[in-house]
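Residue strings, one per chain:
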Amino acid sequence: MSYLSDVYERFQRTNKNETEFCQAAKEVLDSLDILFQKENKYQKNAILERIVEPERLITFRVAWFDDAGKIQVNRGFRVQFNSTLGPYKGGLRFHPSVSASIIKFLGFEQIFKNALTGLPIGGAKGGSDFDPKGKSDAEIMRFCQAFMSELYRHIGACIDVPAGDIGVGGREIGYLYGQYKRLTGLYEGVLTGKKLLWGGSLARTEATGYGSVYFAQNMLKDRYQDFEGKTAVVSGAGNVAIYTIEKLQQLGAKAVTCSDSRGFIYDEQGIDLATLKELKETGTNQSLEDYLQKRPHAKYTAVKDYREGRNEVWSVPCDIAFPSATQNELNQEDAKELLKNGCTLISEGANMPSTPEAVDVFLDAGIMYGPGKAANAGGVAVSQLEMAQNASMLSWSFDEVDNKLKEIMANIYQQAASTAEEFDKKHNLVVGANIAAFRKVGDAMIEQGVY
Ligand code: NDP
């Protein structure tokens, strides 16, 4: 048995039933085969065995009162995966599907994503199986306060800096920050994604969506193309999807879809951003069906009408696609349909949205494929810029942050593309991103000794 499959077999045994975590680790390990054939220092220093094992996984009880005065109990998580390159950094997700497997897969991906940004940040992730849907504002506040009452002892501006993710936006970051301050007496950049009045950064809200489009722009440029006149499909209707659509429109593409867990909108004339923001950014998370009140020509399809296991967004004809909702939302059948309909570019705003079989379809076809850990790194990059502004007690202008974001996304693309070429895998950005990131973290781990 080869060294890599041996490591993976042991990994699977210790992480039994953690499907998403195993999926994420396998993708990275598969990419590293060609690196390990050339270099033996990583094997000699057991970098692989160490990198797949979190430095620390914290799980905790979160007990809080609902509006009826009843005590509710949820489970909280924080995985501090790897601190080789800097303080732990990664978002918090509040969603009923959250489990140790989901948090570990996200934390593992975050190590590589953060390394690709070139900024001094380690990898982490956290969250809870708390479902914010249908909760009152007071319930959200009480839950966030209870969550932070345990988390605060594990984090700090130079230790671990959480941010938002699914179900955690500016409002939740506010309640979490308030509680951290109350418990520690510290006014420090311990969270990112803060509101502008109290230490947030301009362009942080837009960063992941804009970054995913900038990444796509770099892929297109390499093939002498741009966005002008292209039709895009986008999944999701949250933070990442909204700002992906906004930037696509600014750069001359027409985004015709958006979706949530209840259904999706197909607007042939192009998604009306003001209407979408009104439905999704006011804190009410209204149904996308309400979009039709302002745009009656558009089409709404409810999830219950979907075919089993399919995300119908991917059946809409397009030139470019931006999965921006959640993991494994795009399967092999979807990938084939996208290709059949003429799609030539995928840029992943979400984390691991394409299944391994779907990724194979894209790579085999040789289309432009930007894996999440590279394409959606703009969010964490601007989070680090927020940390830098907090540490220096300065605020930068929107353009300053946006220009840095553009530069970072271009660098990430260049690293992934040139590393792919170095290993005779031209255009395979999965291999390029994984090797480029692994080398950075692995080399630094060797230099810092065994711990
Ligand atoms: P939001 O909570 O703002 O939005 C998530 C969107 O995806 C909502 O429209 C939600 O619909 C939909 N969604 C979530 N789960 C499912 C599901 N199981 N099936 C169908 N639709 C679903 O989250 P973000 O936009 O912040 O995050 C989206 C993705 O981007 C995630 O994969 C996240 O990890 C990734 N990401 C986010 C970053 C950020 O800066 N926010 C940074 C890097 C990656 P509904 O409201 O109905 O649940």
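Residues numbered from 1 in each chain as written. Predicted model: local features only at pLDDT ≥ 70, side-chain atom pairs only at ≥ 80, totals over all residues. Heavy atoms only, no water.

Caption draft 1: Representation of helix 7 (residues 170–184). When the terminal C-alpha atoms of helix 7 are compared, their 21 Å separation across 15 residues agrees well with the 21 Å that a helix rising 1.5 Å per residue should span. Contacts from the buried residues of helix 7 go to strand 3 (88–94), helix 6 (137–151) and strand 5 (160–163). Gly-185 sits one or two residues past helix 7 and shows a positive phi near 75°. (Helix = DSSP H or I, 4+ residues; strand = E, 2+ residues; numbered from the N terminus. Expected span 1.5 Å × (residues − 1). Contact = heavy atoms within 4.5 Å.)

Caption draft 2: Structural detail: the sheet that holds strand 4 (residues 122–128). Overall, mixed pairing links the 5 strands, which are arranged 1-2-4-3-5 in an open sheet. Bordering the open sheet on either side are strand 1 (56–65) and strand 5, each of which pairs with just one other strand. Direction aside, neighbouring strands of the sheet carry axes that sit 20° apart on average. (Pairing = 2+ DSSP bridges. Axes fitted to C-alpha atoms, helices over the stretch in contact; angles between N-to-C directions.)

Caption draft 3: Geometry of the pairing of strand 4. Among the 7 residues in strand 4, 7 count as buried, and that is most of the element. Relative to strand 4, strand 2 (residues 71–82) is paired through 6 bridges, and the arrangement is antiparallel. Note that in strand 4 the partner of Gly-76 across the bridge is Ser-128. Where strand 3 lies against strand 4, 5 bridges are found, and the strand directions are parallel. (Buried < 20%, exposed > 50% of the residue type's maximum accessible area, 1.4 Å probe, protein only.)

Caption draft 4: How the structure looks around the environment of Val-431. Within the element layout of this structure, Val-431 appears in helix 17 (residues 429–448). The class of Val-431 is buried, set by a relative accessible area of 8%. Each C-alpha atom, one on Val-431 and one on Ala-416, is 7.7 Å from the other, the two residues being 15 residues apart in sequence.

Caption draft 5: Broad picture of the site of the ligand. The ligand sits among 25 residues. The nearest are Lys-133, Asp-165, Thr-208, Ser-261 and Asn-351. One of the side-chain nitrogen or oxygen atoms of Thr-208 is found 2.7 Å away from an oxygen atom of the ligand. Interatomic distance of 3.0 Å between a backbone N/O atom of Val-240 and an oxygen atom of the ligand. About the coverage of the ligand: the protein hides 83% of its 890 Å² of free accessible area. Of all the secondary structure elements, the ones that give two or more residues to the shell around the ligand are helix 8 (204–222) and helix 9 (239–250). (Near = heavy atom within 4 Å. Polar contact = N/O pair within 3.5 Å; in protein donor to acceptor, adjacent residues only side chain to side chain. Areas by Shrake-Rupley, 256 points an atom, 1.4 Å probe, with all protein chains shown as cover.)

Caption draft 6: Structural context of the environment of Asp-165. Among the secondary structure elements, Asp-165 is positioned in the loop between strand 5 and helix 7. Remark: the alpha-carbon pair of Asp-165 and Ala-253, spanning 88 residues in sequence, is separated by 26 Å. Once residues lying within four places of it in the same chain are set aside, the contact partners of Asp-165 are Gly-91, Leu-92, Arg-93, Lys-125 and Asn-351. Within the local environment of Asp-165, its side chain forms a polar contact with the side chain of Arg-93, the two groups lying 2.6 Å apart.

Caption draft 7: Molecular detail of the pattern of salt bridges. This structure, assessed with the given rule, holds 20 salt bridges. Between Glu-9 and Arg-13 there is a salt bridge, and its shortest N-O distance comes to 3.5 Å. Within this pair, Glu-9 and its partner Arg-13 are both found in helix 1 (residues 3–14), separated by 4 residues, close to a single helical turn. A residue is classified by how much of its surface remains accessible, and Glu-9, at 35% relative accessible area, is partly exposed. Judged by its relative accessible area of 51%, Arg-13 falls in the exposed class. When the shortest N-O distance is used, the salt bridge between Lys-26 and Asp-30 registers 2.9 Å. A residue pair is termed a helical-turn pair when its members lie 3 or 4 positions apart in one helix, as Lys-26 and Asp-30 do in helix 2 (residues 19–38) at 4 residues. On the basis of relative accessibility, which here comes to 36%, the residue Lys-26 falls in the partly exposed class. (Salt bridge = Lys/Arg side-chain N within 4 Å of Asp/Glu carboxyl O.)

Caption draft 8: Representation of the sheet that holds strand 10 (residues 299–302) in the model. If you walk across this open sheet you meet the 3 strands as 8-9-10, and the pairing is antiparallel. Of all the strands in the sheet, just strand 8 (257–259) and strand 10 have a single pairing partner and so form its edges. Across the sheet, the mean angle separating the axes of adjacent strands is 15° when strand polarity is ignored. One ladder, built from 4 bridges, connects strand 9 (residues 263–266) with strand 10; its direction is antiparallel. Within strand 10, the residue paired with Ile-265 across the bridge is Tyr-300.

Caption draft 9: Summary view of the pairing of strand 1. Summarising the sheet, strand 1 and strand 2 pair through 10 bridges and their orientation is antiparallel. Looking across to strand 2, one finds that Phe-60 is bridged to Gly-76. Where strand 1 hands over to strand 2, the hairpin turn is made up of 5 residues, of which Gly-69 adopts a positive phi near 85°.

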